[in-house]
Amino acid sequence: MLAETLARVRESAPLVHCITNYVTVNDCANVLLACGASPIMADDPGEAEEITSLAAGLVLNLGTLDQRKLSAMLLAGKRANALGIPVVLDPVGAGASTMRTGAALRLLEEIRFAVIRGNMSEIRALALGSGHTRGVDAGAADRVTERSLAEALAFVKAFAARAETVAAVTGGIDLVTDGRRAFCVRSGHPMLGRITGAGCMLSALTGAFAAANRDDPLAAAAGAVCAMGLCGETAAARVQPPDGSGSFRTYLLDAVYNLTPEELERGANYELR
Amino acid sequence: MLAETLARVRESAPLVHCITNYVTVNDCANVLLACGASPIMADDPGEAEEITSLAAGLVLNLGTLDQRKLSAMLLAGKRANALGIPVVLDPVGAGASTMRTGAALRLLEEIRFAVIRGNMSEIRALALGSGHTRGVDAGAADRVTERSLAEALAFVKAFAARAETVAAVTGGIDLVTDGRRAFCVRSGHPMLGRITGAGCMLSALTGAFAAANRDDPLAAAAGAVCAMGLCGETAAARVQPPDGSGSFRTYLLDAVYNLTPEELERGANYELR
Amino acid sequence: MLAETLARVRESAPLVHCITNYVTVNDCANVLLACGASPIMADDPGEAEEITSLAAGLVLNLGTLDQRKLSAMLLAGKRANALGIPVVLDPVGAGASTMRTGAALRLLEEIRFAVIRGNMSEIRALALGSGHTRGVDAGAADRVTERSLAEALAFVKAFAARAETVAAVTGGIDLVTDGRRAFCVRSGHPMLGRITGAGCMLSALTGAFAAANRDDPLAAAAGAVCAMGLCGETAAARVQPPDGSGSFRTYLLDAVYNLTPEELERGANYELR
């Protein structure tokens, strides 16, 4: 089933409009190209809607947010909703500042998201309307382990159901759920946390998968999460001294570029709950 | 002849002022350093003119455009014209939104460009004053093939003549012309389309070549186009599984760094028409 | 002693808030992660203070400056001062434009910096209140050599004493001084000048080192400068044809990732003056 989600990306080469932060935007563009999609970045309110109209998917990422970008996100998101184009939200740093949490909540209120992809601290901030995120990484207490899995899953399912979206919560065990069914994904590698942009790249990938699999956002998000985790493993296996995080970053992009639908199907490590 | 264009870049180490998008700006800075030039990025209207005055070349790139940047471009471009500093335009996404097309046309009206470097969809949007570009990549119908070469060349020549500039149109067969003479360049590799920034990097390179070869913008642009194409081939030849687009990106920069004037002369695959 | 400065970064994993340019921001985030710190980038005046409050260190980098960012820097810097969080200034391009020099001087007036990290042209612009920097690289006359060392050191010491900060001036022989004691560092490699961001990455590293070694900003800055120089050497030693600046960039990040406190202690080449 996951094979199909990637195969469709490669076949349809969806154009994905990203309004995203300037820290990892280059990585996001490259990962979209690597998976077979096509990126377009445009964040000015003066063209956001028009650009979205050309696209098959829209990704809104709150990193390095400012008011101009937020305006563009609202315009683009509404246009996407009107046209039936799937929208992915990455609430980077929600909970870390009043501005980010407020922006995330406003977007949640005004736009329907096909998928929300974040770490547990960010999702908690969205669910509770506040938070105390430590920067842009999930707090240690918010990492999903075998021990905390049942509770975390119940929380995320409830959030997804209430927000009428697919939630993809990554960090430790990744949880992808539409509120009813859930993928618990145990793919991935700690090296993904030693480069910037792994989360942003996953959200961009999710945008491509959601665009190419409009009828099934849950499978799309699960496909993207498993693809990223698996590629993290592939890249990490290639790291040999004196390689480090620089080489890992290159290998990760290589792995996405070379990943076949069959490898994704075979290699993804998940259970349905 | 092309050898000379690169040799001059390495000798004079021109400082190139780029007002460019935040997606590929790091790649542009790195490619300028790799070819022996020196980058300076500054996009605030409060300093754009002053920074341009220090530079030997100016590159205006419309990716992730906003009003502030457009103001800076107009100021910097006029100052460059007044000082005789060559200006390169990369009309990224012209045709994809009213704002981008309008900005490109306004720049074209108010500033004299030594070189305009874009894909055929973007050049068409400039030539016709409108367009329907699919994102930032050329529409498939706009790719120059052996079959469409004669017609495409006539079109680009007419555009260059009317705009009194050198047009460098890349994608498939690359066309570089001042309206009279034309280089038809068959260097390059499809992998260049699988990373972000190949076009932007080429425009940055063109800025360096134009700065170092002020007396001959046509040869300068042809040198840059051939250099990029050749380096794409060199980089692609180095890609071996499990390498992919990540490694290609690194190899491309390596290739620009190592390219010698003699290799450029020998390796460039072009005909004059 | 330098070993300890790095060991503390790895132990405390400081969160470093960077308000920095969009050219090298990705490199800065990656180098912070590579050294064991954690980056957060946020440049909007609406959240700058709040984000700084979460952080252990703050880095202000003047590349691609605009008024919005400058406002954020002033707010964040003052908050950091109030909370005792060390602040690092990288006056990129001070001396190259009136706006940059003015902004640097204003920051210097309103904020106390633990460390100011720049090239000699930039430091000269700060010290003299004006300058004629050639772009963002130090003028050739401003490169510290064995011949100019004594004079340069006296100048930088006087600047550090007057500004009540640690000055870390890099290029040729690197000078790190609090106005009394000085590290003259002879680590480093010319390849560091052939990629963009070596200076910015060093400033980000300095932010991490200063955050983890609050009691000794001089040792912190010296540790960061030696670490970067040493990693430049390690990376350059790994470059073999057909490698070039692209591979060097990857190897540099790898070197920071793999650097141990003992290697830093053993490998750093400095004298105290």
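Here the structure is a predicted model, which is why all the values come from computation and not from measurement. (Residues numbered from 1 in each chain as written. Chains lettered and ligands numbered in written order. Predicted model: local features only at pLDDT ≥ 70, side-chain atom pairs only at ≥ 80, totals over all residues.)

1. A few points about the overall build of chain A
Part 1 of the reasoning: Counting its secondary structure elements, chain A contains eleven helices and nine strands.
Part 2 of the reasoning: Burial statistics for chain A: of 273 residues in total, 67% are counted as buried.
Part 3 of the reasoning: Excluding contacts between residues fewer than 6 apart, the proportion of contacts in chain A whose partners are at least 24 apart in sequence is 74%. (Helix = DSSP H or I, 4+ residues; strand = E, 2+ residues; numbered from the N terminus. Buried ≥ 20, exposed ≤ 12 C-beta atoms within 10 Å, placed from the backbone. Contact = placed C-beta atoms within 7 Å.)

2. So, the sheet that holds strand β5 (residues 115-118) of chain B
Residues and elements named next belong to chain B.
Part 1 of the reasoning: Pairing within the open sheet is mixed, and its nine strands lie in the order β2-β1-β3-β4-β5-β6-β7-β8-β9. Two strands in the sheet have a free side with no partner beyond their single neighbour: β2 (38-41) and β9 (270-272). Each strand axis lies, on average, 20° off the axis of its neighbour in the sheet, ignoring direction.
Part 2 of the reasoning: Of the strand pairs in this sheet, strand β4 (residues 87-90) and β5 are connected by two bridges, and their pairing is parallel. The partner of V88 across the bridge, within β5, is V115. (Pairing = 2+ DSSP bridges. Axes fitted to C-alpha atoms, helices over the stretch in contact; angles between N-to-C directions.)

3. Focus: the packing of helix α8 (residues 198-212) of chain A against helix α9 (residues 217-238) of chain A
Between two packed helices, both the angle of their axes relative to each other and the distance between the axes serve to describe the pair.
Residue and element names in this part refer to chain A.
Part 1 of the reasoning: For the pair α8 and α9, the least separation of the axes is 8 Å and the interaxial angle reads 140°. With respect to each other, α8 and α9 are oriented oblique. Of the two elements, α8 crosses α9, and the hand of that crossing is right-handed. Every residue of α9 that contacts α8 at M201, L202, L205, T206, F209 and A210 is listed here: P217, A220, A221, G223, A224, V225, A227 and M228.
Part 2 of the reasoning: When its residues are assigned to classes, the contact of α8 with α9 shows twelve nonpolar, two polar and no charged. (Parallel < 35°, antiparallel > 145°, perpendicular 65-115°, else oblique. Left-handed = near helix turned anticlockwise from the far one by under 90°. Nonpolar A, V, L, I, M, F, W, Y, C, P; charged D, E, K, R; others polar.)

4. Examining the interface of chain C and chain A
Part 1 of the reasoning: The interface is formed by 28 residues belonging to chain C together with 27 residues belonging to chain A.
Part 2 of the reasoning: Among the secondary structure elements, those contributing two or more residues to the side of chain C that touches chain A are α2 (25-34), β2 (38-41), α3 (48-54) and α10 (245-258) of chain C.
Part 3 of the reasoning: For the side of chain C that touches chain A, the per-class residue count stands at 16 nonpolar, six polar and six charged.

5. Brief notes about helix α5 (residues 98-110) of chain A
Two residues of an α-helix separated by three or four positions point the same way, owing to the 3.6 residues in each turn.
Part 1 of the reasoning: The end-to-end C-alpha separation of α5(A) is 18 Å, in line with the 18 Å expected for 13 residues at 1.5 Å each.
Part 2 of the reasoning: Contact partners of the buried residues in α5(A): β3 (57-61), α4 (67-83), β4 (87-90) and α6 (120-128) of chain A. (Expected span 1.5 Å × (residues − 1).)

6. Here's the deal with the relation of the copies chain C and chain A
Part 1 of the reasoning: Rotating chain C by 120° and moving it 0.0 Å along the rotation axis overlays it on chain A with an RMSD of 0.0 Å. The superposition operator between the copies reduces to a three-fold rotation axis. Of the C-alpha atoms belonging to chain C, the one lying closest to the rotation axis is found on Y22(C), 3.6 Å away.
Part 2 of the reasoning: An asymmetric contact is evident, with only 11% of the interface residues of chain C recurring at the interface of chain A. (Least-squares fit on C-alpha atoms with pLDDT ≥ 70 in both.)

7. With respect to the packing of helix α1 (residues 2-12) of chain C against helix α9 (residues 217-238) of chain C
Residue and element names in this part refer to chain C.
Part 1 of the reasoning: With their axes 9 Å apart at the nearest point, α1 and α9 run at an angle of 90° to one another. Looking at the two axes, α1 sits roughly perpendicular to α9. The segment α1 lies against α9, with L2, T5 and L6 engaging A219, A220, A222, G223, C226 and A227.

8. Re the relation of the copies chain B and chain C
Part 1 of the reasoning: Each copy superposes on the other: chain B lies on chain C with an RMSD of 0.0 Å after a rotation of 120° and an axial shift of 0.0 Å.
Part 2 of the reasoning: Here only 11% of the contact residues of chain B are again contact residues in chain C; the copies associate through non-equivalent surfaces.

9. Observations concerning the nonpolar core
Part 1 of the reasoning: Within the largest apolar cluster, 319 residues are counted, with the highest numbers of intra-cluster contacts made by A221(A), A221(B) and A221(C).
Part 2 of the reasoning: Apart from residues lying up to four places away in sequence, A221(C) is in contact with V115(C), V166(C), A168(C), V176(C), T206(C), F209(C) and A210(C). (Core = buried A, V, L, I, M, F, W, Y, C linked by C-beta atoms within 7 Å.)

10. With respect to the pairing of strand β1 (residues 15-19) of chain C
All names here are of chain C.
Part 1 of the reasoning: Counting buried residues in β1 gives five out of five residues, a clear majority hidden from the surface.
Part 2 of the reasoning: As judged from the four bridges shared by β1 and β2, these two strands associate in the parallel manner. What sits directly across from L15, in β2, is S38.

11. Observations regarding the environment of N61(C)
All names here are of chain C.
Part 1 of the reasoning: Locating N61 in the fold gives a position in strand β3 (residues 57-61).
Part 2 of the reasoning: According to the C-beta neighbour criterion, N61 is buried, with 27 such atoms within 10 Å.
Part 3 of the reasoning: Sequence separation of N61 and D90 is 29 residues, and the distance between their C-alpha atoms is 4.6 Å.
Part 4 of the reasoning: Aside from chain neighbours lying at most four places away, what touches N61 is C18, I19, T20, N21, D90, V92, C200 and S203.

12. Side note on the interface of chain B and chain C
Part 1 of the reasoning: With 28 residues of chain B in contact, the opposing surface of chain C contributes 28 residues.
Part 2 of the reasoning: Breaking the side of chain B that touches chain C down by element, the ones donating at least two residues are α2 (25-35), β2, α3 (48-54) and α10 (245-258) of chain B.
Part 3 of the reasoning: Broken down by element, the side of chain B that touches chain C gets its largest block of residues, seven residues, from α10(B).

13. Some details on the environment of V115(C)
Residue and element names in this part refer to chain C.
Part 1 of the reasoning: Mapping V115 onto the fold places it in strand β5 (residues 115-119).
Part 2 of the reasoning: Each C-alpha atom, one on V115 and one on A220, is 9.1 Å from the other, the two residues being 105 residues apart in sequence.
Part 3 of the reasoning: Excluding its chain neighbours within four sequence positions, the residues that come into contact with V115 are V88, T165, V166, A168, T206, A210, P217 and A221.

14. Here's the deal with the sheet that holds strand β6 (residues 166-170) of chain C
All names here are of chain C.
Part 1 of the reasoning: Sheet architecture is open: nine strands sit in the order β2-β1-β3-β4-β5-β6-β7-β8-β9, paired in mixed fashion. Lying at the two open borders of the sheet, with one neighbouring strand each, are β2 and β9 (270-272). With direction set aside, neighbouring strand axes in the sheet form an average angle of 20°.
Part 2 of the reasoning: Pairing geometry for β5 and β6, over five bridges, is parallel. By the bridge assignment for β6, N119 is matched with T170.
Part 3 of the reasoning: Sheet strands touched by α2: β1 and β2. Its angle to β2, the strand with the most contacts, is close to 150°.

15. Focus: the pairing of β4(B)
Residue and element names in this part refer to chain B.
Part 1 of the reasoning: Alternating residues of β4 divide into V87 and L89 and V88 and D90, and every residue in both groups is buried.
Part 2 of the reasoning: When strand β3 (residues 57-61) meets β4, the two strands line up parallel, connected through four bridges. Among the inter-strand pairings, N61 is bridged to a residue of β4, identified as D90.
Part 3 of the reasoning: Crossover handedness for the path β3 to helix α4 (residues 67-83) to β4: right-handed.
Part 4 of the reasoning: Note on the crossover from β4 through helix α5 (residues 98-110) to β5: the handedness is right-handed. (Right-handed = clockwise from strand over helix to strand, strands pointing away.)

16. Some words on unusual backbone geometry
Most of the time, phi is negative for any residue but glycine, and the peptide bond is trans.
Residues and elements named next belong to chain A.
Part 1 of the reasoning: With omega at 5°, the peptide bond leading from P241 into P242 counts as cis.
Part 2 of the reasoning: Position of P242 relative to the elements: it lies in the loop between α9 and α10 (245-258).
Part 3 of the reasoning: Within the chain, E164 stands out as a residue other than glycine whose phi angle is a positive 50°.
Part 4 of the reasoning: Within the fold, E164 resides in the loop between α7 (149-163) and β6 (166-170).
Part 5 of the reasoning: Judged by the 10 C-beta atoms lying within 10 Å of it, E164 falls in the exposed class.

17. Brief notes about α10(B)
Part 1 of the reasoning: Its 14 residues place the ends of α10(B) 20 Å apart at the C-alpha level, agreeing with the 20 Å of an ideal helix rising 1.5 Å per residue.
Part 2 of the reasoning: With 13 of its 14 residues buried, α10(B) lies for the most part within the structure.

18. Details of the environment of R68(A)
Residue and element names in this part refer to chain A.
Part 1 of the reasoning: Summarising the element assignment, R68 is placed in helix α4.
Part 2 of the reasoning: For R68, a count of 17 C-beta atoms within 10 Å translates into the label partly exposed.
Part 3 of the reasoning: Residues R68 and C18 lie 50 residues apart in sequence; the distance between their C-alpha atoms is 15 Å.

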